[in-house]
Amino acid sequence: MNLYQTVEREAAAAFAAAGIADSPVVLQPTKNAEHGDFQINGVMGAAKKAKQNLRELAQKVAETLADNAVIESAEVAGPGFINLRLCPEFLAQNIQTALNDARFGIAKTDKPQTVVIDYSSPNLAKEMHVGHLRSSIIGDSISRVLEFMGNTVIRQNHVGDWGTQFGMLVAYLVEQQKDNAAFELADLEQFYRAAKVRFDEDPAFADTAREYVVKLQGGDETVLALWKQFVDISLSHAQAVYDTLGLKLRPEDVAGESTYNDNLQPVVDDLVKKGLAVEDDGAKVVFLDEFKNKEGEPAAFIVQKQGGGFLYASTDLACLRYRIGCLKADRLLYVVDHRQALHFEQLFTTSRKAGYLPEDVKAEFIGFGTMMGKDGKPFKTRSGDTVKLVDLLTEAVERATALVKEKNPELGADEAGKIGKTVGIGAVKYADLSKNRTSDYVFDWDAMLSFEGNTAPYLQYAYTRVQSVFRKAGEWDATAPTVLTEPLEKQLAAELLKFEDVLQSVADTAYPHYLAAYLYQIATLFSRFYEACPILKSEGATRNSRLQLAKLTGDTLKQGLELLGIDVLDVM
């Protein structure tokens, strides 16, 4: 259910009854559960606007709200806040609905959209590194939530698979396979460095590489076949990382820079025809008055270089036009490092002017900060090299497995390894997703693998704790009426019913940390409930009711973590 909207409707009706229907309710959860479940702050603004006595108006609204089917009590506090406490019967009824519905009573959107989301997008010339981690897991989580809420999601992995460096790489691949028929490209980073050394030190090799570039861009079938061989090998490396991370990205989601190669010149020609792109010192440029510098000069958005070469701007324009024209996107999301913000703002502005981005299509830059080391600098290896993503994930699993063996020395190697992988990968992902994506964050192994605090292991353990209850519970009646009498029973029930509100917020804003914070709140509340309200030692209706709350808590944690791309275990 959408709890927030339900309560807001009741409050709006009370505002109307009090003669202030044109004022916003301003509803928010209370900061202290002892004061109630929700708080209304809008009376203060309404009283000032209507020139009425604040306390009297607040009391009038409170008296209208109290004792209805949703709200048990409404009390005026402070200068004019109204604290609301929800009816236990209302909560109980909706807990039953959530328990008996595979979707927890959460409705799919009545206005489904086709959402094209661009994420991960590694450069195939090199191995995936930690810089690709945030885009990959943030984008994957957002896509899962949007899909769950009833939208059609089209994932697009805009890999860097085109450009002058590929002539060098293809030339080196040919050379290696000529010398060693069994050669396999096992380490992209090492391969790239070796090819660059050959390019810099051997003029004949450099000339061959340049010839390959010309042939590649000219559509030479033989060179294209060699290029495709390199791309396929590179993509297999990337897919192995995606599989380890448990991402939903598949090979069919790849639509790299090369996909739009044939449309680059037509896009530039179209911009020129529309009077948007003009020649400037041999290049084709769109001047944007919306991005003037301090001297009042418009920003230059270059769409074609001197000599006819293309840039990211050219490819991104062709790509955007394709996603709207062919994929029929209603909403475009680009999950990209925040340092690219200006480029995408200019891309969207140019696209609007060109008619590629209609007013009824929303284009959003989903920026994210940098993963930092404990030294406050971008995360690197001790030698200062960029950390390979595959190495990071391997270390996560190894560390988690060692931790699991330490806590459970009786576990066999296979079982410890299985738990270690789930905990390790989950820890890396949650450490990122639990932070506001726009912020930089410090990568800390000890913090992310802790079983205490706002971490994946804590949430995963909370889930296994619920499963442990049911292994001991034996038979119970899941269909019995829910009875909420204790404060923590009511508080946990109210929090569980906010699931739809939180998911809708993530779908609207593309901030997964809202979901992470909610799941942590659920797990923390359940722990307090578990201590204060004995489950297995209680009897009759009370026992069934508390088991229902435990069941919905476990199911909500599992579903919520799944939407973050994190697995759970019945036993840890």
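Just above sits the structure.
Worth saying up front: this structure is predicted, and the values here are computed from it rather than measured.

(A) A look at unusual backbone geometry. Even without glycine at this site, V26 takes up a positive phi of about 55°. Examined against the element boundaries, V26 turns out to sit in the loop between α1 (3-17) and β1 (27-29). On the basis of relative accessible area, V26 is assigned to the partly exposed category, the value being 40%.

(B) Region of the structure containing the nonpolar core. I40, I82, L84, L392 and L515 are the most contacted members of the largest nonpolar core, which has 129 residues in total. Excluding residues that lie within four positions of it along the chain, I82 makes contacts with F38, Q39, I40, V43, A58, V61, A62, A74, E75 and V76. Counting residues in each nonpolar core, the second largest holds 34 residues, with A255, A313, V336 and F348 among its members.

(C) Local environment of the environment of G150. Following the sequence through the fold, G150 ends up in the loop between α5 (131-148) and β6 (152-156). C-alpha of G150 to C-alpha of T114: the two residues are 36 residues apart in sequence and 9.8 Å apart in space. Residues within four places of G150 in sequence aside, it is in contact with K108, T109 and P112.

(D) The arrangement of the sheet that holds strand β9 (residues 299-304) in detail. Within the open sheet, the 3 strands sit side by side as β7-β8-β9. Their pairing is antiparallel. The two strands at the open ends of the sheet, each matched to only one other strand, are β7 (277-280) and β9. Adjacent strand axes in the sheet meet at a mean angle of 45°, parallel and antiparallel pairs treated alike. Two strands pair when backbone bridges link them, and strand β8 (residues 283-288) and β9 are joined in this way by 5 bridges, in the antiparallel orientation. Across the sheet, V286 pairs through a bridge with F301, a residue of β9. On top of the sheet, helix α10 (residues 264-273) reaches β7, β8 and β9; it is set at about 135° to β9, its chief contact.

Definitions and cut-offs
- Residues numbered from 1 in each chain as written.
- Predicted model: local features only at pLDDT ≥ 70, side-chain atom pairs only at ≥ 80, totals over all residues.
- Heavy atoms only, no water.
- Helix = DSSP H or I, 4+ residues; strand = E, 2+ residues; numbered from the N terminus.
- Buried < 20%, exposed > 50% of the residue type's maximum accessible area, 1.4 Å probe, protein only.
- Core = buried A, V, L, I, M, F, W, Y, C linked by side-chain atoms within 4.5 Å.
- Contact = heavy atoms within 4.5 Å.
- Pairing = 2+ DSSP bridges.
- Axes fitted to C-alpha atoms, helices over the stretch in contact; angles between N-to-C directions.

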